[in-house]
Amino acid sequence: MVLVRLTLSVEALLVKYCVPLQEYCASEYLRMNGVYWGLTAMDLMGALGEMCRDEVIGFVSQCQHESGGFRASVGHDPSLLCTLSAIQVAHCLS
């Protein structure tokens, strides 16, 4: 039997892993806009080619609602702002 000694306290583990997860979940409504902002920043730096194009397209495709509009993230309602961001993402990657 191998015993592993934890060097971090429970509080430190919570801060290290749970707080970022909570922040990730709390910012879910901004996800599509964030993808657009990130692509735009990479483009301004001349590094758009560094982005994984297929993953970005896959995420945007998953966010399309049956009505034709786009959502901030899977499970959210479509909105005009998210649809605009999805169109801008498609334009950046074309």
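Look up a bit, the structure's there.
Residues numbered from 1 in each chain as written. Predicted model: local features only at pLDDT ≥ 70, side-chain atom pairs only at ≥ 80, totals over all residues. Heavy atoms only, no water.

Right, let's talk about the overall build of the chain for a bit. Broken down by element type, the chain carries four helices and two strands. Reading the chain from its N end, one meets helices and strands in the order α-α-α-β-β-α. With 94 residues in all, the chain has 23% of them scored as buried. Of the contacts made within the chain by residues no fewer than 6 positions apart, 50% connect residues no fewer than 24 positions apart. Surface summary for the chain: the accessible area is close to 7,000 Å², and the carbon and sulfur share equals 62%. (Helix = DSSP H or I, 4+ residues; strand = E, 2+ residues; numbered from the N terminus. Buried < 20%, exposed > 50% of the residue type's maximum accessible area, 1.4 Å probe, protein only. Contact = heavy atoms within 4.5 Å. Areas by Shrake-Rupley, 256 points an atom, 1.4 Å probe, with all protein chains shown as cover.)

It is worth spelling out the nonpolar core at this point. Residues Met-32, Leu-39, Val-56, Val-60 and Val-89 are the most contacted members of the largest nonpolar core, which totals 13 residues. When contributions to this core are tallied by element, the ones reaching two or more residues are helix H2 (31-44), helix H3 (53-62) and helix H4 (80-93). In terms of residues, this core owes the most to one element, H4, which gives four residues. Each residue touching Met-32, except ones within four places of it in the same chain, is listed here: Phe-59, Val-60, Cys-63, Phe-70, Arg-71, Ala-72, Cys-82, Ser-85 and Ala-86. (Core = buried A, V, L, I, M, F, W, Y, C linked by side-chain atoms within 4.5 Å.)

Next up on the list: H2. Its 14 residues place the ends of H2 20 Å apart at the C-alpha level, agreeing with the 20 Å of an ideal helix rising 1.5 Å per residue. Those residues of H2 not exposed but buried are Arg-31, Met-32, Asn-33, Leu-39 and Met-42. Phi turns positive, to about 75°, at Gly-46, one or two residues after H2. (Expected span 1.5 Å × (residues − 1).)

The contact between H3 and H4 brings their axes to 11 Å, and the two run at 155°. Our classification of the angle between H3 and H4 gives roughly antiparallel. Both H3 and H4 take part in a crossing whose hand is left-handed. Counting all contacts with H3, which are made through Arg-53, Val-56, Ile-57 and Val-60, the residues of H4 involved are Ala-86, Val-89 and Leu-93. (Axes fitted to C-alpha atoms, helices over the stretch in contact; angles between N-to-C directions. Parallel < 35°, antiparallel > 145°, perpendicular 65-115°, else oblique. Left-handed = near helix turned anticlockwise from the far one by under 90°.)

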